[in-house]
Amino acid sequence: MLLLLPTPSFPAKLTHYQSKPFSHTHLRPLRCTGNVDGFTERSGYLFELSASEADSLTDYGVSKIAAIYKRKPLILFRRIFQIGTTFGKWFGLRYLDRLLDRSDQMFEVRAAEFRKMLVELGPAYIKIAQAISSRPDLIPPSYLDELSLLQDRISPFSTEVAFNTIEQELDLPIDELFSEISPEPIAAASLGQVYQARLCRTGEVVAVKVQRPGVQAAIALDILILRFLAGLLRRAGKLNTDLQAVVDEWASSLFREMDYIKEANNGLKFRQLYGGLQDVLVPKMYVEHTTRKVLVMEWVEGQKLSEVKDLYMVEVGVYCSFNQLLEYGFYHADPHPGNLLRTYDGKLAYLDFGMMGEFKQELRDGFIEACLHLVNRDFDALAKDFVTLGLIPPTADKEAVTKALTGVFQDAVAKGVQNISFGDLLGNLGTTMYKFKFQIPSYFSLVIRSLAVLEGIAITFNPDYKVLGSTYPWIARKVLTDSSPQLKSSLQTLLYKDGVFRIDRLESLLTESLRANTEKALVRKPAEETDSRVVIKQVLSFTLTEKGAFVRDILLQEIAKGLDALGLATLDSITSTATASIPFISFLSFSSMTDEDMVNLRTLHRLMLLMSGYQWTKNTNMGLGGVSPNKSQNLYQEEASLVFNQLASVQEILPILSVISELPPESQQQLLSLPPDLAGRLISRVTARAIRRMFL
């Protein structure tokens, strides 16, 4: 139970408090068991920097860090010795367990020792552990349980030190800032710990985050060591990826995370961009009470997302991640389970905005195109996407890369987009990456991690969950609606091959885009249970909006082609019937249709099925090669008959007509403008063909 101060440090200042204590009995404050936490006890010698040296570490810079520790070789060698002996002892015990055949009995003990070891080594190692603590498919359960404690249940440092820091940073006595504050931290993480308090001025309940002493010095030295090891590993393994650049990217984000003013500004931007999304909660930041080492933000209560079996919350997270990565490019780069809460009123709350990433527009478009080409098995285009994303050098042999990617991804995507997992995609990629000099750009690991964390949370209660399968519908919708010239060009290329419209790909995109929904009832309802009337309404609602203008134009163009082909097939049918009784002439073929017209006719049939809410059967043979003229004419007439039957089926047209009245007025107005537009396209096409046949 949270209590009012006083604490032993400030008895005189708090005697006038009249407010009642907090009554959130489900919160369990962390007890400070001593004056010195494990990290300070084992690694406190790292804090021995002068004021000027500490001030120089406000921003990440390898040269500045190297210059500091060049003057302190004893601290550098002591840290290397500490890291080496700590890990060496643990691995030695694991080896001894195997020799004595007691690995199973000691498994949980070693897991607990491993967590304690990371805490003693400090924030850099805790951050690495947090990055993998959300992947139950990669980490044994005992280690996962221990590593999950590193998210917010690390041993806290002294409350007296924390309260002194608050007063020094905000330059006010603590009783003038807060009318109440918890005597012990509610949560403690790698970089700081959190207290619950009530603001004197407004009475609002807030979270007060105080930075752990010495974190900048410890992280700076550990990064210097890790960076050196990364260089050795790259040279020894002859790796193509610049591992030191990856360490630099991660280190830069860590240093930004240690500046709470930047975190508050990140939180404000995140709230502005994503706080309005359905069932997403982004806490308010109190920038007037925030400094580099103290952050005050709105108090949020809830349960860790990993502790509640709520697939809808994961879907909300996927939608929010889609917006972060592919709409605005400003994303949460540290979404471990401790930073994602399900509030008690059923919202997904994001916490901790210290580690954020920027995803540039050209990379966002490249990522979308890569997903499209992967799902549609266009591995030649995927190889080009990998160049755009910086995964392979422009000088790589594209034909050989295409062949290799086909071998790697063919089986993974054959299961369907809803069944593609990161494990499937990355499982066999190692050899290919080495052979073709793949490189992992520094931004890429943060982007993939932001999605992998959500998949890791979901598979704890749904082993079959695939985050890419949940993200792709939003990608499909964006491709169909985005005004970006690059994505419009990609859509055009995707839908047409050698001038032939690939209706199956449009069907796939439309079908997937209709799955993009954050409504609870629709998320929980399987897609196959959605009736045709709902599908028709969704398709019309999409194509009749301004965002659907590009796809609407493509549909009108293809319908005009199909109606033109239908007219030719009808003329051929009438001519054939009229000449059937005339001797000799009946044996001749007068078909005016081409193979292209036949394809257009079948496309029209499939579009009508799509607009009627029916799925096209995929066993139709689209090839016309080797068909005799008479048989070909019979095929034309048969296809035309199918289209006429579709047009004449009142039962299939009624759902379309009944949905029109439910559309918004602007969509109904747009619908009324389609017949004249379609008629104009059809007349233009018929006229052009007539002129071509007369004079060419």
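Thresholds applied
- Residues numbered from 1 in each chain as written.
- Predicted model: local features only at pLDDT ≥ 70, side-chain atom pairs only at ≥ 80, totals over all residues.
- Heavy atoms only, no water.
- Patch = residues over 30% accessible without salt bridge, like charges linked within 9 Å, V, L, I, M, F, W, Y side chains within 5 Å.
- Areas by Shrake-Rupley, 256 points an atom, 1.4 Å probe, with all protein chains shown as cover.
- Salt bridge = Lys/Arg side-chain N within 4 Å of Asp/Glu carboxyl O.
- Helix = DSSP H or I, 4+ residues; strand = E, 2+ residues; numbered from the N terminus.
- Pairing = 2+ DSSP bridges.
- Buried < 20%, exposed > 50% of the residue type's maximum accessible area, 1.4 Å probe, protein only.
- Axes fitted to C-alpha atoms, helices over the stretch in contact; angles between N-to-C directions.
- Contact = heavy atoms within 4.5 Å.
- Nonpolar A, V, L, I, M, F, W, Y, C, P; charged D, E, K, R; others polar.
- Phe/Tyr/Trp six-rings, centres within 6.5 Å; stacked < 30°, edge-to-face > 60°.
- Lys NZ or Arg CZ within 6 Å of the ring centre and 35° of its normal.
- Core = buried A, V, L, I, M, F, W, Y, C linked by side-chain atoms within 4.5 Å.
- Bend = angle between axes of the 7 residues up to and from the residue.

**A word on a nonpolar patch on the surface**
And then number 1: Among the surface-exposed residues, Tyr95, Leu96, Leu99 and Leu100 lie close enough to one another that they form a single nonpolar patch of about 410 Å² accessible area.
And then number 2: Turning to its location among the elements, leucine 96 is positioned in helix H4 (residues 73-99).

**Here's the deal with the sheet that holds strand S10 (residues 348-350)**
And then number 1: Judged by pairing direction, the sheet is mixed, and its 4 strands sit side by side in the order S5-S10-S9-S7 without closing on themselves. Every interior strand has two partners, whereas the edge strands, strand S5 (280-281) and strand S7 (302-304), have only one.
And then number 2: Note that S5 and S10 share 2 bridges and pair parallel. Bridge pairing in S10 places leucine 281 opposite alanine 349.

**Some details on the pairing of strand S3 (residues 192-199)**
And then number 1: Of all 8 residues making up S3, 7 are buried, and the element is well covered by its neighbours.
And then number 2: Direction of pairing for strand S1 (residues 178-181) relative to S3: antiparallel, over a ladder of 3 bridges. Residue pairing across strands places isoleucine 181 opposite alanine 197, the latter belonging to S3.
And then number 3: In terms of strand pairing, strand S2 (residues 187-188) meets S3 through 2 bridges, oriented antiparallel. Counted as the bridge partner of alanine 187 is valine 194 from S3.

**Some words on the packing of helix H13 (residues 311-328) against helix H14 (residues 361-375)**
Packed helices, taken two at a time, are described by the angle their axes make and the gap between the axes.
And then number 1: At a closest axis distance of 8 Å, the pairing of H13 and H14 adopts a crossing angle of 115°. Residues Leu325, Leu326, Glu327 and Tyr328 of H13 form the contact with H14, whose own contacting residues are Arg364, Phe367 and Ile368.
And then number 2: Across the contact of H13 with H14, the residue classes tally to 5 nonpolar, no polar and 2 charged.

**Looking at the packing of aromatic side chains**
And then number 1: Here the structure, examined in full by the defined rule, presents 14 aromatic pairs.
And then number 2: Arranged with centres 5.1 Å apart and planes meeting at 80°, the rings of tryptophan 90 and phenylalanine 91 form a pair that is edge-to-face.
And then number 3: Linked through ring pairs, Phe270, Tyr274, Tyr328, Tyr350 and Phe353 together constitute an aromatic cluster.
And then number 4: Its guanidinium or amino end placed over the ring of phenylalanine 330, lysine 269 lies 4.3 Å from that ring's centre, counting from NZ or CZ.

**Looking at the environment of valine 194**
And then number 1: If you trace the backbone, valine 194 turns up in strand S3.
And then number 2: The sequence separation of valine 194 and glutamine 211 amounts to 17 residues, and the corresponding C-alpha distance is 9.0 Å.

**With respect to unusual backbone geometry**
And then number 1: Phi at aspartate 101 takes a positive value of approximately 55°, unusual for a residue other than glycine.
And then number 2: Mapped onto the secondary structure, aspartate 101 falls in the loop between H4 and helix H5 (103-121).
And then number 3: Positive phi is not limited to glycine here, since aspartate 352 has a value of about 65°.
And then number 4: Mapped onto the elements of the fold, aspartate 352 is located in the loop between S10 and strand S11 (356-358).

**Things to note about the nonpolar core**
And then number 1: Core analysis: the largest hydrophobic core is formed by 138 residues, its most contacted members being Tyr69, Ile223, Phe255, Phe359, Leu506 and Leu509.
And then number 2: Considering each element in turn, this core owes the most residues, 11 residues, to helix H10 (residues 215-237).
And then number 3: Every residue in contact with phenylalanine 359, bar those within four places of it in the chain, is listed here: Leu325, Leu326, Gly329, Tyr331, Arg364, Phe367, Tyr443 and Val447.
And then number 4: Counting residues in hydrophobic clusters, the runner-up holds 18 residues, among them Leu177, Phe178, Ile181 and Val296.

**Focus on H5**
And then number 1: By the largest-angle criterion, valine 109 marks the main kink of H5, which is about 30°.
And then number 2: Burial in H5 covers these residues: Ser103, Arg110, Ala111, Phe114, Met117, Leu118, Val119, Glu120 and Leu121.
And then number 3: Positive phi appears at glycine 122, one or two residues downstream of H5, with a value of about 115°.

**What to know about the pattern of salt bridges**
Here the idea is simple: oppositely charged side chains can pair when their charged atoms come close.
And then number 1: Applying the stated criterion across every chain, the model contains 22 salt bridges.
And then number 2: Two residues, arginine 110 and glutamate 113, come together in a salt bridge whose shortest N-O distance is 2.9 Å. One end of the pair is arginine 110 and the other is glutamate 113, both in helix H5 and 3 residues apart, which spans about a single turn.
And then number 3: When the shortest N-O distance is used, the salt bridge between glutamate 358 and lysine 269 registers 3.5 Å.

**Some remarks on the environment of threonine 58**
And then number 1: Relative to the helices and strands, threonine 58 resides in the loop between helix H2 (51-55) and helix H3 (62-70).
And then number 2: When the C-alpha atoms of threonine 58 and methionine 258 are compared, they prove to be 8.2 Å apart, with 200 residues separating the residues in sequence.
And then number 3: In contact with threonine 58, not counting residues within four places along its chain, are Gln216, Phe255 and Arg292.

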